[in-house]
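# Chains, contacts and geometry: an overview
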Amino acid sequence: MMEIRDAFAAAMALIINFESGLAEIVLLSLQVSIIAVAIACLIGLPIGAALAVFQFPGRTAIAVILNAMMGLPPVVVGLIVYLTLSRSGPLGTLGLLYTPTAMIIAQICLVTPIIAALTRQTTEDLWQEYAEHLRSIGIGPWRAVTTLLWDSRFSLITTILAGFGRASAEVGAVMIVGGNIDHVTRVMTTSIALETSKGDLALALGLGIILLALALSVNAAAFIINDAAMKRHG
Amino acid sequence: MRLFPGFLLKFKRSLAMVAFSLLLSVTNAFATNGFIVVASTTSTVNSGLFKNILPKFTKTTGISVRVLGVGTGQAIKVAERGDADILFVHHKISEVEFVKNAFGVKRYDVMYNDFIVVGPQDDPADVQKAKNVVEAYKKIAATKSIFVSRGDESGTHKKSLEFWRTIPVDLVNSSGKWYREAGSGMGATLNLTSSINGYTLTDKSTWMAFQNKGLLVVLFEGDPSMRNQYGITMVNPARHKHVKAPLASAFIGWVISNDGQAAINDFRISGKQTFFANAAAYKKIN
Amino acid sequence: MDSSTNETLPNNVENKSARILPLVLKNVSYEKAGMRLIKDLSVTFNFGSLTVILGPNGAGKSLLLRLCHGLIKPSKGTVDWCGPKVSAPQRYQAMVFQRPVMLRRSVIANLSHSLKYRGINKAERTQKIDNIMQHTGLSRLAKVPARLLSVGEQQRLAVARAWSLDPEVLFMDEPTAALDPAATHSLENIIGAIKKSGTKIIMSTHDLGQAKRLADEVLFLYRGRLLEQADASQFFEKPNNDLAQSFMRGELLWWNRQELKPPEQLKERRQK
């Protein structure tokens, strides 16, 4: 297919010429996704581990709902966040619509369930092992949560990467709440959508290749760090 | 790497702080004198018009313009909700309604371009020989040639429906057969039309900037009823207190002024002019 | 590994008066899935002696320990700590399990983790940890990830961890069941040192030899019932209960009370 060859050529041209436009878009994409994932971790990691530790009625129901929320359609989340942040919506006075902050909020909604659900799964297994000992030394459930999270840290890297993958790959939510405004809220995925609608398929694919390369680099870096640390700490 | 756990935490924290401050700086990048949000259609964005003329406005006034390129229907909804300061679309009937319902203050003509019918090179419906646009549509219906419709609330789609309504044709039953409703923006619709080699109605500026024409060519244009008029309206600050009325007025003022109108006329795609300035004040002088 | 000197032993025990002991169980029953696993058990544990809970597999030894420690709640009856500091009894107890629970951290971090939340400041913690590692021969393994230790070393760490908490009562659930003879011997030495330092030890075992070596007092459990409680010397000389006697002879099989085989057939079975 000629488009694929043209796509690689386009990707190389973009990188070699180092268009500042491309750098701006890449930087914004990384900022939005990384900040969203970081905040999603702050919320999702404790919730996931707490679901493993605490016993309360409705626990199973929450776990099932959380699992289901992993499949939230981004465009639906985008719509809900839009209606919330719109000037005519409940949080309109904040004036957050069509800013990167709105995109981060939408992505937090998408990523947190993934982090929480997968963390619950990972820590549940470890909790089976640790429960009696931790209860014996009397550290209390929240300290048990932090103990589980720290001891699961290597497995949780994969969870975090899954969240990052979801954030950096989605286009539906950021398109609706961000508006794909040039220089303000245009990220990799919305750029690809735009170039496709302009018929410039080679450029769109080229940007896609760059996006894939970015995702690959992040995952490779995480793997290397994780691997080295694991060897050090058993 | 004994430092690893503490290091990673610190690294994440500092990255977040750096990122956040970059974030703040990005959002405030051009706000030397503030910014406005313009809800517009894909034709003004995808054709490259705004990318060309807006910097001229920003240079003069220091006001940056953030453009939302969505379909006419969505743009109007956005403006009604107060999420934009200005509405800049191409469906006069809807725009007049918008002002009548006190969502907007006053509508001004800005410019026009033309709608055209594009289709396959071999032209199975013989649209080229049509004497007017209605006849072109009649031929397409008669030969049951594939026609791709926008199928959304866009100005282009509303125009196309106007033409369809003048001839006796059952679009509902033909939907999915030769009448394909894409439910998409102009770009996606053109991509689809190009890949199935069908006919569609598009505006000339989007067409000229479009890079995936495939085997499609322009088959019919020039009928006076195919004129596509653009208008600009400020969102009513009485209804939405936060609308930046002075900045929005400045923008409207510039767009219909000599400078703005000249900028529109100067815009070229492949050396050809596609938007034609026709604001009332400008028309009087020129 | 120095476990024989008395100075700088953890919880130096000149005048230790009981804070939570005695522990009194009254008519305790424990049921799970419709099965009664502990049946109407009453017993008192007092300060000073090392109590061994003896019995065949399935007798309920592990359950009894967990009921005493508070990890599970009885279905009927009461478990009461009767000493003066009863408002927070769990603080003065610790437990070591049959399979050591190792946190995914270094040896020293495992020790530090238990102590961290007891309000002990860093300097004191470090001292305590160094002290305990010396007395359990773990000093040279301080930085090693706990998961990489041998089972014997892991159990030593678990015991050290429990000891560092200065418990008044230390529960041990068959602590040497997974260990080879050398590791068992070294752990028994440590147990001896802990006892000397003034901690009440309540441990279960199905190893008669170990019971003879360590016990001051013996509780004999069979099928969830306490059949005999006696001084060690008296019990090993001649237990009162007939099932206890069978057990001592090595004859007691948990699934079969009525059919006691003649000694020759049992010898064959053991040799297989």
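Residues numbered from 1 in each chain as written. Chains lettered and ligands numbered in written order. Predicted model: local features only at pLDDT ≥ 70, side-chain atom pairs only at ≥ 80, totals over all residues.

Right, let's talk about the overall build of chain B for a bit. Scanning chain B from N- to C-terminus turns up 13 helices and 12 strands. When each of the 286 residues of chain B is scored for burial, the buried share is 47%. The long-range share in chain B, meaning contacts at least 24 apart out of those at least 6 apart in sequence, stands at 76%. (Helix = DSSP H or I, 4+ residues; strand = E, 2+ residues; numbered from the N terminus. Buried ≥ 20, exposed ≤ 12 C-beta atoms within 10 Å, placed from the backbone. Contact = placed C-beta atoms within 7 Å.)

So, on to the overall build of chain C. Along its length, chain C carries nine helices and nine strands. Sorting the 272 residues of chain C into buried and exposed places 39% on the buried side. Contacts in chain C between residues at least 24 apart in sequence constitute 72% of all its contacts with a sequence separation of at least 6.

Moving on: the interface of chain A and chain C. Residue-level contacts link 13 residues of chain A with 16 residues of chain C. For the side of chain A that touches chain C, the secondary-structure elements that each account for two or more residues are helix H5 (100–136) and helix H6 (141–151) of chain A. No other element matches H5 of chain A, which puts six residues into the side of chain A that touches chain C. When the residues that make up the side of chain A that touches chain C are grouped by side-chain class, the tally is three nonpolar, five polar and five charged. (Nonpolar A, V, L, I, M, F, W, Y, C, P; charged D, E, K, R; others polar.)

Our next topic: the nonpolar core. Val177 of chain A together with Leu68, Ile86 and Leu87 of chain B are the most contacted members of the largest nonpolar core, which has 180 residues in total. Those residues in contact with Ile86 of chain B, other than ones at most four positions away along the chain, are Ile36, Val38, Ala39, Ile232, Met234, Val235, Ala248 and Phe251 of chain B. Of all hydrophobic cores here, the second largest spans 28 residues; its members include Val117, Ile140, Trp207 and Phe220 of chain B. (Core = buried A, V, L, I, M, F, W, Y, C linked by C-beta atoms within 7 Å.)

Residues and elements named next belong to chain C. The buried count for strand E8 (residues 217–222) comes to five of six residues, which makes it a mostly enclosed element. Bridge count between strand E3 (residues 51–54) and E8: four bridges; the pairing is parallel. Considered in E8, the bridge of Ile53 is made with Leu219. Where E8 and strand E9 (residues 225–231) come together, six bridges link them in antiparallel fashion. Looking at the pairing, Val218 lines up with Ala230 of E9. (Pairing = 2+ DSSP bridges.)

The subject of this paragraph is the packing of helix H3 (residues 59–69) of chain A against H5 of chain A. All names here are of chain A. The geometry of H3 relative to H5 is characterised by a closest axis approach of 8 Å and an angle of 130° between their N-to-C directions. Considering their axes alone, H3 and H5 lie oblique with respect to each other. Judged by the sense of rotation from one axis to the other, the crossing of H3 with H5 is left-handed. Contact residues: Ala63, Leu66, Asn67 and Met69 in H3; Pro113, Ala116, Ala117 and Arg120 in H5. (Axes fitted to C-alpha atoms, helices over the stretch in contact; angles between N-to-C directions. Parallel < 35°, antiparallel > 145°, perpendicular 65-115°, else oblique. Left-handed = near helix turned anticlockwise from the far one by under 90°.)

All names here are of chain C. Taking strand neighbours across the sheet as the criterion, the six strands line up as E5-E6-E7-E3-E8-E9 in an open arrangement whose pairing is mixed. Where the open sheet ends on each side, the last strands, each with one partner, are strand E5 (93–96) and E9. Each neighbouring strand pair of the sheet contributes to a mean axis angle of 15°, computed without reference to strand direction. Looking at chain direction, E5 and strand E6 (residues 169–173) are connected through four bridges and run parallel. Within E6, the residue paired with Val96 across the bridge is Met172.

In this section: the sheet that holds strand E1 (residues 23–32) of chain C. Residues and elements named next belong to chain C. In spatial order, the strands read E2-E1-E4; together these three strands make up an open sheet with antiparallel pairing. Of all strands in the sheet, those bounded by a partner on one side alone are strand E2 (35–45) and strand E4 (76–81). Across the sheet, the axes of successive neighbouring strands diverge by a mean angle of 20°, strand direction being ignored. Direction of pairing for E1 relative to E2: antiparallel, over a ladder of seven bridges. Along E2, the bridge assignment pairs Leu23 with Phe45.

A few words on the environment of Val218 of chain C. All names here are of chain C. Looking at the element boundaries, Val218 is found in strand E8. Overall, the presence of 22 C-beta atoms within 10 Å leaves Val218 in the buried class. Note: C-alpha distance between Val218 and Thr51 (167 residues apart in sequence) is 5.7 Å. The contacts of Val218, once residues within four sequence positions are left out, are Val52, Leu54, Ala211, Ala230, Ala232 and Phe235.

Residues and elements named next belong to chain B. Structurally, chain B comprises domain 1 (11–112 + 229–285) and domain 2 (114–226). Counting residues at the interface gives 18 residues for domain 1 and 14 residues for domain 2. Among the elements of the structure, helix H2 (42–46) and helix H4 (72–80) are those that each provide at least two residues to the side of domain 1 that touches domain 2. The element contributing the most residues to the side of domain 1 that touches domain 2 is H2, with three residues. A class-by-class count of the residues in the side of domain 1 that touches domain 2 yields four nonpolar, 13 polar and one charged. (Domains from an automatic or database assignment.)

Bringing the environment of Gly34 of chain B into the picture now. All names here are of chain B. Relative to the assigned elements, Gly34 resides in the loop between helix H1 (4–27) and strand E1 (35–40). For Gly34, a count of 14 C-beta atoms within 10 Å puts it in the partly exposed group. When sequence neighbours within four positions are dropped, the list of residues in contact with Gly34 reads Ile63, Lys244 and Leu247.

All names here are of chain A. Turning to its location among the elements, Leu51 is positioned in helix H2 (residues 20–53). For the pair Leu51 and Gln121, spaced 70 residues apart in sequence, the C-alpha to C-alpha distance is 9.3 Å. Not counting the four nearest positions on each side in its chain, Leu51 is found in contact with Arg59, Ile62, Ala63 and Arg120.

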